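The primary structure of each chain is shown beneath.
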Amino acid sequence: MKIVNSLALLCLTVPIMAIEHDLTIENTNYTISKIPYTQQERTLYNYNRLRLTDNITERNWFAHIIADIDNYYGETYIDSFEYGFFRSIQADTPFDIETHSKNYGNGEVFGRLHRFSIGYADEKHNILFGLQKITMGVGRIWTPTDLFNPRNPLALEPDQIYGNFSLSYTYALGTLSQMMGVVAKRHDGSYKYAGRIKGNTKIGDVALDLFSSNDAQMIAYEIEGNLFDTGIEWRSEGGYYKDKLLDRSFYQTILGVDYGFVNGLTVMAEWLHSTKTYTADEILNFQKSSLGYNRHLSSDYIGASAYYDFNLLYSGTLSMIHSPEDQSSFISPLLTYSLSDDASVSIGAMLYRGTEESEFGSVENSYYLRFRVTY
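Source: prediction; values computed, not measured.

Re a nonpolar patch on the surface
Turning to step 1, where the next piece is worked out: On the surface, a cluster of nonpolar side chains totalling about 720 Å² of accessible area is made up of Leu173, Met179, Ile197, Leu208, Leu210, Ile219, Tyr240 and Tyr251.
Turning to step 2, where the next piece is worked out: What makes Met179 partly exposed here is its relative accessible area of 39%.

Written out as structure tokens, the structure is:
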């Protein structure tokens, strides 16, 4: 009921009747096989997401809506600790964005409001209100400055992240500079605040970020540019963080590079460093806080990925995260075949290597078949 009331209020704030629609329907289906490191008790399940996306525009006004119907099928997986933990992580919004799940024995189905926002944009101003993604940071694998929508590089779909119920405003100071302010209401009724000023210098695009909430504070930077006109794109972000929940302060930063070869191969590498580490219990028990994805078991991680178009039909991606401290690794290969302009089929894996006591070594491997079609 809360979500219905909130949506009704949001709809009433639309100042003008929109007349242009860009409506798409996308269905993504995963068949996943999880094999424990003991090579026993394989778990097989299916995940299907039906997504409706509508972009509505009327001159400078616009609205963005994304709604999902998620279905998980596989009794063993539904009853697992992993699924229970995954379902316990809710959006940090003042209203529920998911319907109650319907359990039908071997599976569960539920609906989710992924995005719902309205806004206005012109040459100088961009204002957006509603359930939205707040974009901060320049990282590809880790985004330590993004305390609104942090990526989880170990997830099946790292970019499928909850939105924030927020008001954001961006003002263009010039052609290559801007300032942004954000206020977001949280599940507990408190607020997150952030500000950013960004400009272009000789070394590239530089930004200063500020963040404050009842459980965290941050002062950070972002830098992105071309390395001496070599074609190598380099980037860095990070800063000082105050973890109010655990009474701890630390510095965290990333340094990354990208390069695209003429043959179509694109490679990327990224290094993450933190001055403080956390225990597994601290990470799990405080996952819902603003710094949930900034807490790590090790001080350093190295990540890399490569993407290559073999031809018009086949493409491949290989990603890796390595922990030098315990010599464990996460490896994710993906091969995609384009059936048409609107459909593709992929095979992939999420592999963990290391000793049983290491960070990645005791996690079960996953192999999956993905089918995606857009209407």
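What follows continues from the structure just given.
Overview of unusual backbone geometry
Working note: non-glycine residues mostly have negative phi, and peptide bonds are mostly trans.
Turning to step 1, where the next piece is worked out: The backbone of Arg59 sits at a positive phi, close to 55 degrees, despite the residue not being glycine.
Turning to step 2, where the next piece is worked out: In this fold, Arg59 is placed in the loop between strand E2 (43-58) and strand E3 (61-73).

Here we look at the nonpolar core
One broad trend across soluble globular proteins is that nonpolar side chains are buried collectively.
Turning to step 1, where the next piece is worked out: Grouped together as the largest cluster of nonpolar side chains are 22 residues, with contacts concentrated most on Tyr72, Trp142 and Ile321.
Turning to step 2, where the next piece is worked out: At the level of elements, strand E1 (20-35), E2, helix H2 (75-78), strand E14 (266-274), strand E17 (328-340) and strand E18 (343-353) are the ones that each hand at least two residues to this core.
Turning to step 3, where the next piece is worked out: The residues touching Ile321, leaving out its near neighbours within four places in the chain, are Ile141, Trp142, Pro153, Leu154, Tyr301, Ile302, Gly303, Ser328, Ser329, Phe330 and Phe360.
Turning to step 4, where the next piece is worked out: Counting residues in hydrophobic clusters, the runner-up holds 18 residues, among them Met180, Ala184, Tyr241 and Phe250.

Focus on the confidence of the model for the protein chain
Turning to step 1, where the next piece is worked out: Confidence along the protein chain averages 92 in pLDDT terms, with 94% of residues attaining 70 or more.
Turning to step 2, where the next piece is worked out: Counting interchain partners and residues more than four positions distant, the pLDDT-below-50 stretch residues 14-18 has eight contacts.

With respect to empty space enclosed by the protein
Turning to step 1, where the next piece is worked out: Scanning the entire structure with this criterion turns up one cavity of 30 Å³ or more.
Turning to step 2, where the next piece is worked out: Considered as a void within the structure, the largest cavity measures approximately 70 Å³ in volume.
Turning to step 3, where the next piece is worked out: The wall of the largest cavity is formed by Trp142, Thr143, Pro144, Pro150, Arg151, Gln252, Tyr293, Asn294 and His296.
Turning to step 4, where the next piece is worked out: Considered class by class, the residues forming the lining of the largest cavity number four nonpolar, four polar and one charged.

Some remarks on the pattern of salt bridges
Turning to step 1, where the next piece is worked out: In total, this model carries 19 salt bridges according to the counting rule given.
Turning to step 2, where the next piece is worked out: In this structure, Asp92 engages Lys192 in a salt bridge whose closest nitrogen and oxygen atoms are separated by 3.6 Å. Remark: Lys192 occurs in strand E9 (residues 191-201) and Asp92 occurs in the loop between helix H3 (81-88) and strand E4 (102-103); sequence separation between them is 100 residues.
Turning to step 3, where the next piece is worked out: With a relative accessible area of 5%, Lys192 lands in the buried category.
Turning to step 4, where the next piece is worked out: Between Arg372 and Glu157 there is a salt bridge, with its nearest N and O atoms 3.7 Å apart. Of this pair, Arg372 sits in strand E19 (residues 365-374) while Glu157 sits in the loop between strand E6 (125-132) and strand E7 (164-174); the two residues are 215 residues apart in sequence, bridging distant segments of the chain.
Turning to step 5, where the next piece is worked out: Classification of Glu157 by relative accessible area gives buried; the value is 16%.
Turning to step 6, where the next piece is worked out: Here the salt bridges do not stand alone but share partners, grouping Arg140, Glu224, Arg235, Asp258 and Glu270 into one network.

Criteria and thresholds
Residues numbered from 1 in each chain as written. Predicted model: local features only at pLDDT ≥ 70, side-chain atom pairs only at ≥ 80, totals over all residues. Heavy atoms only, no water. Patch = residues over 30% accessible without salt bridge, like charges linked within 9 Å, V, L, I, M, F, W, Y side chains within 5 Å. Areas by Shrake-Rupley, 256 points an atom, 1.4 Å probe, with all protein chains shown as cover. Salt bridge = Lys/Arg side-chain N within 4 Å of Asp/Glu carboxyl O. Buried < 20%, exposed > 50% of the residue type's maximum accessible area, 1.4 Å probe, protein only. Helix = DSSP H or I, 4+ residues; strand = E, 2+ residues; numbered from the N terminus. Core = buried A, V, L, I, M, F, W, Y, C linked by side-chain atoms within 4.5 Å. Contact = heavy atoms within 4.5 Å. pLDDT = per-residue confidence, 0-100. 1 Å grid on protein atoms, 1.4 Å probe; cavity = no way out; pocket = protein on both sides within 12 Å on 5 of 7 lines; lining within 4 Å. Points joined across faces, edges and corners; volume = space filled by probe spheres on them. Nonpolar A, V, L, I, M, F, W, Y, C, P; charged D, E, K, R; others polar.

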